[in-house]
Amino acid sequence: MAALLVLGAGLQTSNASQTGGFVFCDTDQSGQFDSNDTPIPGVLVVVTNVSGTFSNANFTDTPDGGFVLDLPPGPDSYVEYLHPLTLPSDATVVQPPGGVYTFTLDGVVQSNFLGNFLVSSSSCASNVPPPPPPPATNICCLKATGVICGKGRPLYAFTGSALPGCGSTNGDTGEWNLIATCQRLRFEGQVFEITDCGEVQSNGCDYSFIEFQGAGNLTGLGNCHTNYGVVYFSAHAEDHGHSKKAPDQLYFRVYGSDGTTLLLIGGDTNNPMDVIPVPLSKGDLDIGHSCCQTTGPEGGENEGGHNHQGQGNCDQGHGNPHGNNGDDQGKGDDNHGGKNGNCNNLQGGQAHANKGHGKGH
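Every value quoted in this text rests on a predicted model; they were computed, and no experiment measured them. (Residues numbered from 1 in each chain as written. Predicted model: local features only at pLDDT ≥ 70, side-chain atom pairs only at ≥ 80, totals over all residues. Heavy atoms only, no water.)

Student: Can you walk me through the overall build of the chain in this structure?
Tutor: Each helix and strand counted, the chain has zero helices and 22 strands in total. Of all 361 residues assigned to the chain, the portion counted as buried reaches 46%. Within the chain, contacts between residues at least 6 apart in sequence are counted, and of these 62% link residues at least 24 apart. (Helix = DSSP H or I, 4+ residues; strand = E, 2+ residues; numbered from the N terminus. Buried < 20%, exposed > 50% of the residue type's maximum accessible area, 1.4 Å probe, protein only. Contact = heavy atoms within 4.5 Å.)

Structural data, given as structure tokens:
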């Protein structure tokens, strides 16, 4: 899949609802989103409400095949599809199934919808047979929670995941939630694609890495009413295990439709697209490499955890990661951040995961 770079439509800060995404052509005819897909500019994306009182449309008029459509404020239900006359004559929309998205927004908690389209057509099909799928034991996944501090204060608290499609036509999935305390911003996003992952062995510093991208919403915290609407992100995470030489590290960039960087966790603020990850102060970036077993990541039946916002203090706080055995040899993981700290009277973050159960590893 082409990298999420820059969308041409100007996206203004507002409280209105929006829908956005990308239109891709299924170049390798795999029937699912993957790195071989190519964007399709010039396709008209149409959205209407179910009652028929509202409609809007916009072309994917950039090389990335991206689109953003404004929706009226307030609750409503919508249908979104590609106009057939703007597609190749033999085109078939293979994702979503049936070629149509239906969604409901309440205008408050859920004010944006994100969805990509995948089109099959001989006009973009490669003559080279599609490559065989990678072995199920060689696909990476990520479970993450952590705090990044600066000058004794919590700057960022996050939790998230990136999961491979494992043969599913829905493609890769995941979510990412981040609090930027000093910037008074909250990011909530969905992972669309895992772009790369693997192992690095260099000068005795061995670690795993994963790179992924997607879209989400960037809004203000507390009495900060900033709302950037639909935004996009790219991320690079490194799992250094229990290495004493280096903690786990994260690069995370959120940007608008015009390419402007809106939020950055990176080592070079002057060049935000330069991928320089930042060490975690607390937490864990757990990258697995056997993520497509029927029993879940790392061969275990994993029970979801709970993520609670709390206060973090980078000087006096303490980390106490430990595992508790669940049922039938499963493993749990509790990660407690510090407490009684503040950053301009804003709260930091605390992440807590419940016990897992099932066949652990």
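Student: How do you make sense of the state of the cysteines when you look at a structure like this?
Tutor: Such a bond, covalent and formed between the sulfur atoms of two cysteines, is termed a disulfide. Throughout the structure, instances matching the rule amount to three disulfides. The partner cysteine of C25 in its disulfide is C124, sulfur to sulfur 1.4 Å. When the S-S torsion is -45°, as for the bridge of C25 with C124, the disulfide is left-handed. On the criterion of sequence distance, the pair formed by C25 in strand β1 (residues 17-25) and C124 in the loop between β10 (117-120) and β11 (141-150) is long-range, its members being 99 residues apart. Residue classification places C25 among the buried residues on the basis of a relative accessible area of 3%. (Disulfide = S-S within 2.5 Å.)

Student: Explanation requested: unusual backbone geometry in the structure shown.
Tutor: The general pattern is negative phi for most residues beyond glycine and trans for most peptide bonds. For the peptide bond that leads from Q95 to P96, omega is 5°, which places it in the cis range. With respect to the element layout, P96 can be found in the loop between β7 (92-95) and β8 (100-105). One non-glycine residue, Q29, adopts positive backbone phi at about 55°. Structurally, the position occupied by Q29 is in the loop between β1 and β2 (38-39). What makes Q29 exposed here is its relative accessible area of 51%. Non-glycine residue R184 carries a positive phi angle of around 55°. When you line up the elements, R184 lands in the loop between β13 (173-180) and β14 (185-202).

Student: Which parts of the structure should I look at to understand the sheet that holds strand β4 (residues 55-59)?
Tutor: Strand pairs in the sheet, formed through backbone hydrogen bonds, run parallel or antiparallel to each other. What the four strands build is an open sheet, ordered β4-β3-β6-β8; its pairing is antiparallel. The open sheet is flanked by β4 and β8, the only strands paired with a single partner. Pairwise comparison of adjacent strand axes, ignoring direction, gives a mean angle of 20° for this sheet. Of the strand pairs in this sheet, strand β6 (residues 76-82) and β8 are connected by six bridges, and their pairing is antiparallel. Its bridge partner lying in β8, Y81 is registered against V100. (Pairing = 2+ DSSP bridges. Axes fitted to C-alpha atoms, helices over the stretch in contact; angles between N-to-C directions.)

Student: What is the right way to look at the environment of C140 in this model?
Tutor: Here C140 is to be found in the loop between β10 and β11. A C-alpha to C-alpha distance of 8.8 Å links C140 and C292, two positions 152 residues apart in sequence. Each residue touching C140, except ones within four places of it in the same chain, is listed here: P164, I194, C197, G198, I210, I287, G288, H289 and C291.

Student: Where do I start with the side chain of D37 in this structure?
Tutor: Relative to the helices and strands, D37 is located in the loop between β1 and β2. Summary of buried charges: D37 has no salt-bridge partner, and the nearest side chain of opposite charge, R253, is 21 Å away. (Lys, Arg positive; Asp, Glu negative; His and termini not counted. Salt bridge = Lys/Arg side-chain N within 4 Å of Asp/Glu carboxyl O.)

Student: Teacher, can you tell me more about the confidence of the model for the chain here?
Tutor: Atom-level detail of predicted coordinates should not be read off regions where pLDDT is low. Averaged over every residue, the pLDDT of the chain is 75; the share at 70 or more is 71%. Note that residues 294-313 has pLDDT below 50 and, in this model, 69 contacts with residues that lie over four places away or in other chains. (pLDDT = per-residue confidence, 0-100.)

Student: Sorry, what's going on with the packing of aromatic side chains here?
Tutor: Any pair of aromatic rings gets described here by the distance separating the centres and the angle formed by the planes. Going through the model one piece at a time under the given rule, you end up with 16 aromatic pairs. Seen from their ring centres, W176 and F212 are 5.4 Å apart, and the 45° between their planes marks the pair as tilted. Note that W176 is positioned in strand β13 and F212 in strand β15 (residues 205-220), a separation of 36 residues in sequence. Ring geometry for Y232 versus Y255: centroids 6.2 Å apart, planes at 35°, classification tilted. With a gap of 23 residues between them, Y232 in strand β16 (residues 227-239) and Y255 in strand β17 (residues 249-255) connect regions that are remote in the sequence. Of the two residues examined, Y232 and Y255, each falls in the buried class. Grouped by ring-pair contacts, the aromatic residues F54, F67, Y78, Y101, F103, F113 and F117 constitute a single cluster. (Phe/Tyr/Trp six-rings, centres within 6.5 Å; stacked < 30°, edge-to-face > 60°.)

Student: Help me understand the nonpolar core, please; the structure alone is not making it clear to me.
Tutor: When a protein is soluble and globular, its nonpolar side chains tend to lie buried together. Formed by 31 residues in total, the largest nonpolar core has its most connected members in L142, W176, L178, F212 and F252. In contact with L178, not counting residues within four places along its chain, are Y156, A157, F158, L185, R186, F187, F252, L263 and I265. Grouped together as the second largest cluster of nonpolar side chains are 20 residues, I40, L71, L87 and F103 included. (Core = buried A, V, L, I, M, F, W, Y, C linked by side-chain atoms within 4.5 Å.)

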